[in-house]
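What follows is the residue order along each chain.
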Amino acid sequence: MNIHAIRAIYRFEMARTWRTLMQSIISPVISTSLYFVVFGAAIGSRIPESHGVSYGAFIVPGLIMLSLLTQSIANASFGIYFPRFTGTIYELLSAPVSYIEIVISYVGAAATKSILLGLIILATAGLFVPLHVTHPFWMLLFLVLTAVTFSLFGFIIGIWADGFEKLQVIPLLIITPLTFLGGSFYSIDILPPFWRTVALFNPVVYLISGFRWSFYDIADVHVGVSLAMTLAFLALFLAVVAWIFKTGYRLKA
Amino acid sequence: MQNVITISNLSKTYASGFQALKQINLDIRRGEIFALLGPNGAGKTTLISTICGIVKPSAGSVLIDGHDIARDYRTARSLIGLVPQELTTDAFETVWATVSFSRGLFGKAKNPAHIEKVLRALSLWDKKDNKLITLSGGMKRRVLIAKALSHEPTILFLDEPTAGVDVELRQDMWKLVRTLQESGVTIILTTHYIEEAEEMADRIGVIRKGEIILVDDKMALMQKLGKKQLTLQLETPLEAIPGGLNGYQLELANDGNELTYTYDTQGERVSILALMQDLNTAGIRFKDLHTTQSSLEDIFVSLLKEKA
Ligand SMILES: Nc1ncnc2c1ncn2[C@@H]1O[C@H](COP(=O)(O)OP(=O)(O)OP(=O)(O)O)[C@@H](O)[C@H]1O
Ligand SMILES: [Mg+2]
């Protein structure tokens, strides 16, 4: 293991986070707060409690997931795309680092950032609604697993993209809609049976359900299924990353 | 082991189908300065990038100090420092951070004293806290060199290090290259300035359309291919070259006012002496004379023409 290299890349990426603190941390916090003001306080006060959880509290796990998914993808894809774009990737490719080390450091840094972000949003939410986490261990597990998994996904996008638009396209066209429709703001139980079945094809439903379960013990699907789904995504993305490195896809001419 | 790099049958065909390297065989000797010359698009950067792991070879192998660049890439790459042709740097990092980053990337523990030494040698010390985006092109070039030297490589690739560089930096750079060579570093450089190769290199390789068409010691090359010309300014113009001088390669120029004699650099003295005597016998007098020797550039140009 080239520990020095992992440390160097990780530090480099984290330094970028601190440098761009405004957009990395503060803007998601502001947008999440807005969701609370609008959905939690304004509209939510007219929505009845379900399972003894107020609507404002109910949407907290979904909102954190929303940020976690979009931010993990954004951080990781940008982190690897930018050196490709500027050409500084030459140094990484010519360095004595293995692919595993590259993934650990880039994905590790991106995941760290979105985990921090998730915790900050959680703390922000605590200012608006009373929070309690029934299964803290599971909460952290889902937080970390989701951050890592979707940072891997972002890493893949950053290698696949050959322009800044492509970097935006997947989060915008796929992840955000799937998250909104995946039960961030409602339980899929309230959907008519047909749409409920459709919703079960949305992978994000499983992520949000498991995460919400760790908070309030209420879930759309069994927590074991949620965990299995998360791990399946992790395995899928790991396989794609392994293939990318094996073939040199878009990294090496 | 005398050779520090051994390239065997190395070929590269890009995804576009373009074959940029054709069966390259080349050995680089330990401690030498090797200049790779060739026109634009000849494959110099491709060759260097392949050795350094940035481009995947299509066939063939490269050994770095006995370590295969594919199988034993860690050891192979840790021995190499690369200064790329393009000026690509981060923007918002400081000089110090980016150079320290390179050292870490290449698996070396922190060593601020070494980084300081490198930065001072490149006159970058007073810029160490500056952001890269604020530096001029020449300064960025220095930073790239500093990054390449940050991990104490034993082989240094300089891909057109003097493109767009002023005289002072160029001289600094060559001084540094000499110092590095004295400390045992092998240096491979590409350049379009042939005087540079002539001044710096121990050996010269010429690459054209992906093929190495010549590798030789610089001195041998210049001697082998070098021609000398002796030009005599005649006192009285000649109509024709007298028959008695037929044994020499002589030409009349400038309305018969100049006589030029072309000869190989080998065995020159004897023939010049004989020519002088024969001129004397023929009653030809001259008021001035000078000699010119073909430079590497002439050799290079004629070589590329010849093989075209
Ligand atoms: N990624 C690539 N895909 C396809 N062709 C490429 C690629 N990179 C380089 N080439 C082609 O390979 C050939 C060799 O390019 P290379 O950059 O190695 O030349 P060079 O000798 O370094 O030239 P220069 O003196 O201009 O730097 C050129 O014809 C170039 O167009
Ligand atoms: Mg080049």
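These notes cover the structure that comes with them. (Residues numbered from 1 in each chain as written. Chains lettered and ligands numbered in written order. Predicted model: local features only at pLDDT ≥ 70, side-chain atom pairs only at ≥ 80, totals over all residues. Heavy atoms only, no water.)

### A word on the overall build of chain A
Rules: Under the DSSP-based scheme used, a helix requires at least four consecutive residues in state H or I and a strand at least two consecutive residues in state E, with every element numbered from the N terminus. For a compact globule the rule gives 2.2 Å times the number of residues to the power 0.38, and the radius of gyration it is set against comes from C-alpha atoms.
A count of helical and extended segments in chain A gives ten helices and zero strands. N-terminal to C-terminal, the α/β element order of chain A is α-α-α-α-α-α-α-α-α-α. On C-alpha atoms alone, chain A measures out to a radius of gyration of 19 Å, which is about the 18 Å that the 2.2 N^0.38 rule sets for 253 residues. The principal-axis extents of the C-alpha atoms in chain A amount to approximately 60 × 35 × 35 Å.

### Quick look at the pattern of salt bridges
What counts, and what does not: Salt bridges, as used here, are contacts in which a Lys or Arg side-chain nitrogen is within 4 Å of a carboxyl oxygen on Asp or Glu. Each residue's exposure class comes from its accessible area (1.4 Å probe, protein chains only) as a fraction of the maximum for that residue type: buried when under 20%, exposed when over 50%, partly exposed otherwise.
The tally for this structure, following the rule as stated, stands at 16 salt bridges over all chains. With a shortest N-O distance of 3.3 Å, R196 of chain A and D189 of chain A are connected by a salt bridge. Classification of R196 of chain A as partly exposed rests on a relative accessible area of 24%. The salt bridge involving E116 of chain B is made with R120 of chain B; its shortest N-O contact spans 2.9 Å. Separated by four residues within a single helix, E116 of chain B and R120 of chain B lie in helix α4 (residues 112–121), roughly one turn from each other. With a relative accessible area of 47%, R120 of chain B lands in the partly exposed category.

### Structural notes on the site of ligand 1
The condition that has to hold: Proximity is defined per residue: if any heavy atom of the residue lies within 4 Å of a molecule or strand, that residue is considered near it. In the analysis that follows, any N or O atom pair within 3.5 Å is treated as a polar contact, provided that within protein one partner can donate a hydrogen and the other can accept it, and provided that, for residues neighboring in sequence, both atoms belong to side chains.
Near ligand 1 you find 16 residues, and of these N40, G41, K44, T45 and T46 of chain B are the closest. Each of chains A and B places residues near ligand 1. Separating an oxygen atom of ligand 1 from a side-chain N or O atom of T46 of chain B is a distance of 2.5 Å. In this structure, an oxygen atom belonging to ligand 1 sits 3.3 Å away from a side-chain N or O atom of E160 of chain B.

### Overview of the interface of chain A and chain B
How we decide: A contact between two residues is defined here by any heavy atoms of the two lying within 4.5 Å. In this description, buried area is defined as the sum, over both parts, of the accessible area (probe of 1.4 Å) that is lost when the two are combined.
Listed per partner, the contact involves 27 residues of chain A and 29 residues of chain B. Carbon and sulfur atoms make up 58% of the area that chain A and chain B hide from each other, which totals about 2500 Å². Here R19 of chain A ties to E93 of chain B by a salt bridge, and the two come within 2.8 Å at their closest N and O atoms. Where chain A meets chain B, there are 13 residue pairs in polar contact (both at pLDDT 80 or more).

### Let's talk about the sheet that holds strand β4 (residues 59–64) of chain B
Strands belonging to one sheet form pairs held by backbone hydrogen bonds; the direction of such a pair is parallel or antiparallel. All names here are of chain B. To keep it simple, the criterion reads: Two strands make a pair as long as DSSP finds a minimum of two bridges between them. Between N-to-C directions, angles span 0 to 180 degrees; the directions come from axes that are lines fitted to C-alpha atoms, helices contributing only their stretch in contact.
The strand order β2-β1-β4-β5 describes an open sheet built from four strands, whose pairing is antiparallel. Only two strands of the sheet have a single neighbouring strand rather than two, namely β2 (19–29) and β5 (67–68). Helix-sheet contacts for helix α1 (residues 44–52) involve β1 (3–13), β2 and β4, and the interaxial angle to β2 is about 65 degrees.

### Notes on the coordination of the magnesium ion (ligand 2)
Basically, it comes down to this: Sites may look incomplete because water is not among the atoms; the donors themselves are N, O and S atoms within 2.8 Å of the metal, or within 3.2 Å for Na, K and Ca.
Protein ligation of the magnesium ion (ligand 2) involves T45 of chain B (OG1) and Q85 of chain B (OE1), the donor distances falling in the range 1.9 to 2.1 Å. Taken as a pair, T45 of chain B in helix α1 and Q85 of chain B in the loop between β6 (80–83) and α3 (95–105) lie far apart in primary sequence, 40 residues in all.

### Notes on the packing of helix α9 (residues 203–216) of chain A against helix α10 (residues 223–247) of chain A
Residue and element names in this part refer to chain A. Spelled out, the test is: Roughly parallel means an angle under 35 degrees; roughly antiparallel, over 145; roughly perpendicular, 65 to 115; everything else is oblique. For any pair of crossing helices, the crossing counts as left-handed if the nearer helix is rotated counterclockwise from the farther one by less than a right angle, and right-handed if it is rotated clockwise.
Where α9 contacts α10, the two axes come as close as 8 Å, and the packing angle between them is 130 degrees. In terms of orientation, α9 and α10 fall into the oblique class. The two elements α9 and α10 meet at a crossing, and its hand is left-handed. Listed contacts from α10 to P203, Y206, L207, S209, G210 and W213 of α9 are V223, V225, S226, M229, T230 and F233.

### Considering the packing of aromatic side chains
This is how it is decided: Here a pair means two rings of Phe, Tyr or Trp (six-membered ring of Trp) with centres within 6.5 Å. Their orientation is stacked below 30 degrees between planes, edge-to-face above 60, and tilted elsewhere. Geometrically, a charge over a ring is one whose NZ (Lys) or CZ (Arg) sits within 6 Å of the ring centre while staying within 35 degrees of the ring normal.
The full count for this structure, using the stated rule, is 30 aromatic pairs over all chains. On the numbers, 6.3 Å between centres and 45 degrees between planes, the contact of Y106 of chain A with F155 of chain A is tilted. Placement of Y106 of chain A in helix α5 (residues 99–128) and of F155 of chain A in helix α6 (residues 136–160) is noted, with a sequence separation of 49 residues between them. Residues Y106 of chain A and F155 of chain A agree in their burial class; the two are buried. The interplanar angle of 75 degrees and the centroid separation of 6.1 Å between the aromatic rings of W96 of chain B and W125 of chain B together place this pair among those described as edge-to-face. Here W125 of chain B lies in the loop between α4 and α5 (137–149) and W96 of chain B lies in helix α3, a separation of 29 residues in the sequence. Taken together, the ring pairs connect F78, Y81, F82, F85 and F164 of chain A into an aromatic cluster. Positioned above the aromatic ring of F58 of chain A is the side chain of R212 of chain A, whose terminal nitrogen or guanidinium carbon lies 3.8 Å from the ring centre. If you follow K128 of chain B out to its NZ or CZ, it ends over the ring of W125 of chain B, 5.1 Å from the centre.

### Overview of a nonpolar patch on the surface
All names here are of chain A. Basically, it comes down to this: Residues enter patches when they are more than 30% accessible in relative terms and free of salt bridges; like-charged ones are connected within 9 Å and nonpolar ones (Val, Leu, Ile, Met, Phe, Trp, Tyr) within 5 Å. For every accessible area listed, the method is Shrake-Rupley and the probe measures 1.4 Å; residues are considered covered only by the protein chains on display.
A cluster of nonpolar side chains, contributed by V37, V38, I43, I47, L127 and F128, occupies part of the molecular surface with about 530 Å² of accessible area. Counting residues per element, the ones that place at least two in the nonpolar patch are α2 (21–43) and α5. Ranked by the residues each element gives to the nonpolar patch, the list is headed by α2, at three residues. As for its position among the elements, F128 is in helix α5.

### Points about the nonpolar core
So the rule is basically this: In these notes, a set of buried Ala, Val, Leu, Ile, Met, Phe, Trp, Tyr and Cys residues joined through side-chain atoms within 4.5 Å is what counts as a nonpolar core. Residue ranges for the domains trace back to a domain assignment, done automatically or taken from a database.
By size, the foremost hydrophobic cluster in this structure holds 147 residues, and its most contacted members are F155 of chain A together with I5, I64 and F157 of chain B. In terms of residues, this core owes the most to one element, helix α3 (residues 55–86) of chain A, which gives 14 residues. Both domains that furnish three or more residues to this core are identified here as domain 1 (3–222) and domain 2 (226–307) of chain B. Apart from residues lying up to four places away in sequence, I5 of chain B is in contact with L26, D27, I28, V62, L63, I64, I155, F157 and I188 of chain B. Core analysis: the next-biggest nonpolar cluster, separate from the first, contains twelve residues, L245, L259, Y261 and Y263 of chain B among them.

### Overview of a negative patch on the surface
Cut-off, in case you're wondering: When charges are counted, neither His nor the chain ends are considered; positive counts come from Lys and Arg and negative counts from Asp and Glu. To locate a charge, take atom NZ for lysine, CZ for arginine, CG for aspartate or CD for glutamate.
On the surface, a cluster of negative charge is made up of E195, E199, E297 and D298 of chain B. As for its placement among the helices and strands, E199 of chain B is situated in helix α7 (residues 194–200).

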